[in-house]
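Chain residues, written in single-letter form:
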Amino acid sequence: MYNIKNSKELASLINYTNLSNMITESEMKEFLEKAKELNFNSVVIAPTYIALAKEILADTDIKVGSVVGFPLGFEDTESKVAEAKELIEKGADEVEVVINLSYLKDERYDLLESEIRQIKEVVGDRILKVIIETKALEDYQKANASKVAENAGADFVKTSTGFMAPNHIFENVNDINIIQKYAPKIKIEIYGGINEYKFANQILTGGADLIGSDNGYEIVKRYKELRENTQVKPKPITLTKKD
């Protein structure tokens, strides 16, 4: 199992996510305060709330991420580039783009790589994550998508939008193995269905660099309850001398 030293380290490996299209400003503020309390690696939120997140998280190390072409990825390249540029102008530290699955399935790797490369040019030294929706793909398509993303300069492959996610840890580990084999320089974020610590630990043990979770707060709080807040009062040990 992955050796998590404490809740602080665990939170640093989680991108706390809320991409609800119906969240109110007061609910987003509550979400961001929770993120601030536990100091996650990043928050992933809708573009609408980037400015609010930058304000509330200003005195933290938490990165603010948002999405492009979400959740279907079928917008044209020019639209995606414009979306990415707008996110950067709003202050986003990370950009997550859903790939054009039609390009991938038609094996138009030149178009796919060009799209990712153009978005990376706009993102610059900020982090670009490419969402490839592994549940919808054959293994060879996962390999090709990951290789294209790496060639185009992306920083991460992310496995899911959350709308389609693997049903079992073995599927996640298979995805990790494929990405590591065919795009060994790119980092990996697993997202979708990670709702409790045991599963999160299995994902990290399997080789993921980061986890995305809507339940990040609950995962870390539960870990703290089990590992850091448990009070044990040991019984005194009495040694008796043998004759």
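Preceding this section is the structure that the text describes.
Since the model is a prediction, treat every value here as computed from it, not as a measurement.

Engineer: What am I meant to see in the overall build of the protein here?
Structural biologist: When its secondary structure is counted, the protein shows 10 helices and eight strands. Projecting the C-alpha coordinates of the protein onto the three principal axes gives extents of approximately 85 × 40 × 30 Å. Per-residue burial for the protein yields a buried fraction of 48% across its 243 residues. Considering only intrachain contacts with a sequence separation of at least 6, the fraction spanning at least 24 residues in the protein is 68%.

Engineer: Even after reading the chapter, I still don't get the side chain of glutamate 96, so can you show me in this structure?
Structural biologist: The topology assignment puts glutamate 96 in strand S4 (residues 94-98). Polar side-chain contacts of glutamate 96 include one of 2.7 Å to the side chain of lysine 158. With sequence-adjacent residues up to four places away left out, glutamate 96 is seen in contact with Val44, Ser66, Val67, Val68, Lys129, Ile131, Lys158 and Glu189.

Engineer: What exactly am I supposed to notice about the packing of aromatic side chains here?
Structural biologist: One pair of aromatic rings is described through two measures. These are the centre distance and the angle between the planes. All chains considered together, the criterion is met by four aromatic pairs. Seen in terms of ring centroids, tyrosine 197 and tyrosine 223 are 5.0 Å apart; in terms of plane orientation they differ by 55°. Their pairing is tilted. Of this pair, tyrosine 197 sits in helix H9 (residues 197-205) while tyrosine 223 sits in helix H10 (residues 216-227), and the two are 26 residues apart along the sequence. Within the aromatic cluster, the residues linked to one another by ring pairs are Tyr16, Phe31 and Phe40. Above the face of the tyrosine 217 ring, lysine 34 is positioned so that its terminal group lies 5.0 Å from the ring centre. We note lysine 158 situated over the ring of tyrosine 191; from NZ or CZ to the ring centre the distance is 4.5 Å.

Engineer: What's the story with helix H2 (residues 25-38) in this structure? I'm lost.
Structural biologist: The α-helix advances 3.6 residues per turn, and as a result positions three or four apart in sequence lie on the same side. Taking 1.5 Å per residue, 14 residues should reach 20 Å; H2 reaches 20 Å between its end C-alpha atoms and fits that length. Regarding H2, the residues found buried are Met28, Phe31, Leu32, Ala35 and Leu38. Seen along its axis, H2 keeps its buried residues to an arc of 130°; they face one direction. On its buried face, H2 sits against helix H1 (7-11), strand S1 (14-18), strand S2 (42-45), helix H3 (50-56) and H10. Asparagine 39 sits one or two positions beyond H2 and adopts a positive phi of about 60°.

Engineer: How should I be thinking about the nonpolar core in this particular structure?
Structural biologist: In summary, soluble globular proteins display a tendency toward joint burial of nonpolar side chains. Core analysis: the biggest nonpolar cluster contains 67 residues, and Leu32, Phe40, Val43 and Ile116 have the highest contact counts within it. At five residues, H2 tops the list of elements feeding residues into this core.

Engineer: What is the right way to look at the environment of isoleucine 179 in this model?
Structural biologist: With respect to the helices and strands, isoleucine 179 occurs in helix H8 (residues 169-182). It is 8.0 Å that separates the C-alpha atoms of isoleucine 179 and valine 157, two residues lying 22 residues apart in sequence. When residues no more than four places from it in sequence are discounted, the contact partners of isoleucine 179 are Ser146, Val157, Thr159, Pro184, Ile186 and Ile188.

Engineer: I tried to follow the pairing of strand S7 (residues 187-191) on my own but got confused; where do I start?
Structural biologist: Remember that side chains alternate between the two faces of the sheet whenever the strand is regular. Of all five residues in S7, four are buried, a share of seventy percent or more. The sheet contact formed by strand S6 (residues 156-158) and S7 spans three bridges and is parallel. The residue bridging valine 157 from the neighbouring strand is isoleucine 188, located in S7. This β-α-β element, S6 to H8 to S7, shows right-handed connectivity. Where S7 lies against strand S8 (residues 210-213), three bridges are found, and the strand directions are parallel. Of the residues in S8, the one forming a bridge with glutamate 189 is leucine 210. Following the backbone out of S7, through H9 and into the adjacent parallel S8, one traces a crossover that is right-handed.

Engineer: I keep staring at the packing of H2 against H10 and nothing clicks. Help me out?
Structural biologist: Working note: a packed helix pair is described by the angle between its axes plus the distance between those axes. Taken N-terminus to C-terminus, the directions of H2 and H10 make an angle of 40°; their axes are 10 Å apart at the nearest point. Here H2 lies oblique to H10, going by the angle between them. In terms of crossing hand, the pair formed by H2 and H10 is left-handed. In contact with Lys34, Glu37 and Leu38 of H2, H10 contributes Tyr217, Val220, Lys221 and Lys224. Looking at the contact of H2 with H10 residue by residue, the class counts come to three nonpolar, no polar and four charged.

Conventions adopted
Residues numbered from 1 in each chain as written. Predicted model: local features only at pLDDT ≥ 70, side-chain atom pairs only at ≥ 80, totals over all residues. Heavy atoms only, no water. Helix = DSSP H or I, 4+ residues; strand = E, 2+ residues; numbered from the N terminus. Buried < 20%, exposed > 50% of the residue type's maximum accessible area, 1.4 Å probe, protein only. Contact = heavy atoms within 4.5 Å. Polar contact = N/O pair within 3.5 Å; in protein donor to acceptor, adjacent residues only side chain to side chain. Phe/Tyr/Trp six-rings, centres within 6.5 Å; stacked < 30°, edge-to-face > 60°. Lys NZ or Arg CZ within 6 Å of the ring centre and 35° of its normal. Expected span 1.5 Å × (residues − 1). Arc of directions from axis to C-beta. Core = buried A, V, L, I, M, F, W, Y, C linked by side-chain atoms within 4.5 Å. Pairing = 2+ DSSP bridges. Right-handed = clockwise from strand over helix to strand, strands pointing away. Axes fitted to C-alpha atoms, helices over the stretch in contact; angles between N-to-C directions. Parallel < 35°, antiparallel > 145°, perpendicular 65-115°, else oblique. Left-handed = near helix turned anticlockwise from the far one by under 90°. Nonpolar A, V, L, I, M, F, W, Y, C, P; charged D, E, K, R; others polar.

In short, geometric facts, not functional conclusions.
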